[in-house]
Each structure stands twice: as structure tokens, then as C-alpha cells.
Amino acid sequence: MIPRDEIVSWLRETDPSRLDSLWSVADDVRRIHVGDSIHLRGIINFSNNCVRRCTYCGINADNRGLRRYRMSTTEIMECVRSFEELSLMTVVLQSGEDRLVTRSWVAELVDRIRQETGLAVTLSLGERQEEELSEWRAAGAERYLLKIETSNRLLYESMQPDRRNAWTSRMEVLRTLRSLDYEVGTGIMVGIPGQTHEMLADDLVHFGEFGPDMIGIGPYIPHPATSLPSVPHDRTDQVPNDLVTTLNVLALARMICPDANIPATTALLSIGRRRDLKVGLSGGANVIMPDLTPPEYRQLYDIYPTRLSPGQGDLLPIQEAIASMGRSISEDSGTSLHYLKCREAEGGIPAGSIRHLQELTE
Ligand code: 5AD
């Protein structure tokens, strides 16, 4: 584990040649541990209804100006069927914390996807009850994303004004997910107002201790319809929400959690240019998550203002970018190597299957 003060000084680094060397080491770690292939995850943002009041997020319950939608099972299945011809192996079903997205509805949907397609299912439905998570796992959902957003309890709770112990509750759900044998994804936002470099270093130490199977890292992007302000520039040690800082956190996360699946996130691409997809993939990332939400709903999933997002129904630019880097798109569903190693250590999967998996990706 890299010492904390070393992490802090890397996070403050601005010298371009030193940054290049950091990203290049992260790229080597990525290659050695998870190989050259890139996993594509098609996201369907199927409901923008949300009961939560997170002050950073544009779909929070207080935003009355947003038209709300919830896709039907038929619409979702139609979208999922298009994955096959796009050679996608994983669907990410994502929504706000929508109380009408019920335990049985999700279980039936997951079951249908598993029966009718060969896709792996990742859920990203917010903080839910253990009984729900357990039933969805049994129905065939293997992965769950729930970002901790920041490991700093006070900072997190300052963005959840109406909830007590909000950070602890979220961590509890993350632990429950692990106990239910999900592949667990967490992550953070970079450049939250009030976030210092020390806090960001703590986030990376937190990853090292928690041992996530997946880590999503994106910049905080202010949304005009939320109460959380823009990032202050006058405060000393405020982390900027810029591309370089986000890429540094990504590179350090790869070094600290070498076997995790780490995407070049949509938020990262939203503040960059198209070529920054390649930049993320050359600095530690091994996953891309194209947004395959049907066009009539895409703009309504307005968590933050986006300029660019990968995919938008057209995977060609992604395929070209990957090919031009001499890398390839994975042909398997891309189970996290971290998850497999933990299960192997516990005797859950046959010894040797990881080596086999690594050979496959070589
Ligand atoms: N800027 C960046 N990321 C955001 N998210 C929500 N709001 C914002 C924002 N304003 C991210 C959070 C959340 C995920 C759904 O989107 O990390 O977990």
C-alpha cells in the first residue's frame, strides 16, 4: 500500500512529466493484473424517479422542474435485446431510488433477462433492503454499484441534510452486498465543494481497506437545479473537479486495487474531449460504460450536465478508439478478477480458474 502522505503529494502533483510517469505505471499495473481487453457495459437508466434529496444530484426529489419517467419491462427488454448485435455482455440497470421499482418487479426483470439473454446483470438502484438485494441476487443479478461518493462521513452527510447516519447506512448496504456474494462496486466524486486532498487520500486508503470489485471515479459536475454550489476556487486545499485530478485518482486507485474493474466514467468524459476516453484507458481504466438508454429518455436522466457520453447508441467511436490503442474488446462478461481471487481464497471457486481466466485475457 502506498503511504498516505505519498498519496497526498501525488494528488497535488502538477508537473506534466511526473504525471505522465504516474499514468504510465498505472497502465503497467492494469496490463499485468487485468490484461489488455476492455469490458463494455451497456447502461439502461430506466427510471429517474428518486426519493432521495442528495444536494449534488440533478434527479433528487426536490427538483420539481424535471419530467419523470419509468420504462416498462417491455421497453427495457426491447432495449436489452439490442445488446446482442452490439456484442455487449453486461447490462447495467440503473435508476434513482424509486419506490415503485419493487422487489418483485426487479426480480422478474432480472430473471427474464437471465432466461432470455446471455447477459450478466449489474444493478444500480440505490440503497435497498437486504431482503430485496438477496432476492435479486437469487434471481441472477451478480453485480451491484453503490458509490460511497466520499469516505469522509461529515462531507457526505453535509450533502444529505435530511438524513441522520447517512454515511454509516450506505456503508452497511455495501457490506450487505458483499455478504450476499455480489460483485460490489463503489466509487467517489472528485472535487466536491469542501473536499481536501487529505480527504481524497483517505478515499484511496478506504478503497485499499474495503477491497471493492469495481471502482467508479468521476469529477463532481455542478448541476444548476441543485443546492450544492460550484467548486470554490478561493479556498486553500479545495480539490479541483478537473480532468487531471480525476485521472490521478483513477491511476492511484488502479495501483491500490490492481485487480478491480475500473471504468473510464461518463462523468470523466463529460468534462473532457472525445480523445479523453483513450486518456482514461491509458491511465488505469479497463471498462467503458456506454449509455444505451433509449433516446427519448436519455436527456431526462439528468444527474449532472453532460457534454459527451460514450455510446449514445453508437459504439463505433468506442470500437475505433480501442482498436487504435492496440487493445481489444473483451469476449467474456468480465467478472472482476478481485472478486474471483477472493472467492478462490475462500474456496468458493475451483483453484486454477483464475490462471485460466488470465490466459484468456492475454
Ligand atoms: N456530478 C458528478 N457525479 C454525480 N453523480 C450524481 N450527481 C453528480 C454530479 N453532480 C454521480 C454520483 C452517483 C451517480 C449516480 O452519479 O457518483 O453515485
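Preceding this section is the structure that the text describes.
Computed from a prediction, not measured in an experiment: that's the story for all the values here.

Basis of the calculations
Residues numbered from 1 in each chain as written. Predicted model: local features only at pLDDT ≥ 70, side-chain atom pairs only at ≥ 80, totals over all residues. Heavy atoms only, no water. Axes fitted to C-alpha atoms, helices over the stretch in contact; angles between N-to-C directions. Helix = DSSP H or I, 4+ residues; strand = E, 2+ residues; numbered from the N terminus. Parallel < 35°, antiparallel > 145°, perpendicular 65-115°, else oblique. Left-handed = near helix turned anticlockwise from the far one by under 90°. Contact = heavy atoms within 4.5 Å. Buried < 20%, exposed > 50% of the residue type's maximum accessible area, 1.4 Å probe, protein only. Pairing = 2+ DSSP bridges. Right-handed = clockwise from strand over helix to strand, strands pointing away. Phe/Tyr/Trp six-rings, centres within 6.5 Å; stacked < 30°, edge-to-face > 60°. Salt bridge = Lys/Arg side-chain N within 4 Å of Asp/Glu carboxyl O. Disulfide = S-S within 2.5 Å. Near = heavy atom within 4 Å. Polar contact = N/O pair within 3.5 Å; in protein donor to acceptor, adjacent residues only side chain to side chain. Areas by Shrake-Rupley, 256 points an atom, 1.4 Å probe, with all protein chains shown as cover. Nonpolar A, V, L, I, M, F, W, Y, C, P; charged D, E, K, R; others polar.

Asker: Just give me the short version of the packing of helix α3 (residues 73–85) against helix α4 (residues 103–116), but keep the residues and values in it.
Answerer: Where α3 contacts α4, the two axes come as close as 11 Å, and the packing angle between them is 30°. Relative to α4, the element α3 is oriented roughly parallel. Remark: the crossing between α3 and α4 carries right-handed chirality. Contact residues: α3 offers Thr73, Ile76, Met77, Val80 and Arg81, while α4 offers Trp105, Leu109, Arg112, Ile113 and Glu116.

Asker: Please provide a residue-by-residue account of the pairing of strand β5 (residues 183–190), values included.
Answerer: In terms of residue burial, β5 counts as a mostly covered element, since eight of its eight residues are buried. Side chains Glu183, Gly185, Gly187 and Met189 of β5 all project onto a buried face; the interleaved residues Val184, Thr186, Ile188 and Val190 project onto the opposite face, where all are buried too. Sheet analysis places β5 next to strand β6 (residues 214–219), joined by six bridges and oriented parallel. Bridge pairing in β6 places Thr186 opposite Ile215. At this point the chain moves from β5, through helix α8 (residues 197–210), to the parallel β6, and the crossover so formed is right-handed.

Asker: Go over unusual backbone geometry, please, and point to the residues and values.
Answerer: Here Ser87, not a glycine, exhibits a phi torsion of approximately 60°, which is positive. Checked against the element boundaries, Ser87 lands in the loop between α3 and β2 (90–95). In this structure, Asn165 takes a positive phi of about 55° despite not being glycine. Looking at Asn165, the relative accessible area reads 48%, which means it is partly exposed.

Asker: Give me the packing of aromatic side chains: which residues, what numbers.
Answerer: The full count for this structure, using the stated rule, is three aromatic pairs. Ring geometry for Phe46 and Trp105: centres 5.6 Å apart, planes at 40°, overall tilted. Here Phe46 is found in strand β1 (residues 39–47), whereas its partner Trp105 is found in helix α4, with 59 residues between them in sequence. On the accessibility criterion, Phe46 (1% relative accessible area) is buried.

Asker: Before we move on, can you summarise the pattern of salt bridges with the specific residues and values?
Answerer: Under the definition given, this model contains 26 salt bridges. Notably, a salt bridge pairs Arg81 with Glu116, separated by 3.0 Å at the nearest N-O pair. Residue Arg81 is found in helix α3, and its partner Glu116 is found in helix α4; the two are separated by 35 residues along the sequence. On the accessibility criterion, Arg81 (42% relative accessible area) is partly exposed. For Glu116, a relative accessible area of 41% translates into the label partly exposed. Residue Arg170 is joined to Glu149 by a salt bridge in which the shortest nitrogen-to-oxygen separation is 3.7 Å. One end of the pair, Arg170, is in helix α7 (residues 166–179); the other, Glu149, is in the loop between β4 (141–145) and α6 (153–158), with 21 residues separating them in the sequence.

Asker: Explain the state of the cysteines to me, and be specific about the residues and the numbers.
Answerer: By the definition in use, this model includes zero disulfides. Its sulfur unpaired, Cys50 is 6.2 Å from the next cysteine sulfur, which belongs to Cys54. For Cys50, a relative accessible area of 18% corresponds to the buried category.

Asker: Account for the site of the ligand, naming residues and giving values.
Answerer: The environment of the ligand is formed by Tyr56, Cys57, Lys147, Glu149, Met189, Pro219, Tyr220, Ile221, Ile303 and Tyr304. Here an oxygen atom of the ligand and a side-chain polar atom of Glu149 are 2.5 Å apart. Here the ligand, which alone exposes 400 Å², has 87% of that area covered by the protein. Tallied by class, the residues present in the shell around the ligand amount to eight nonpolar, no polar and two charged.

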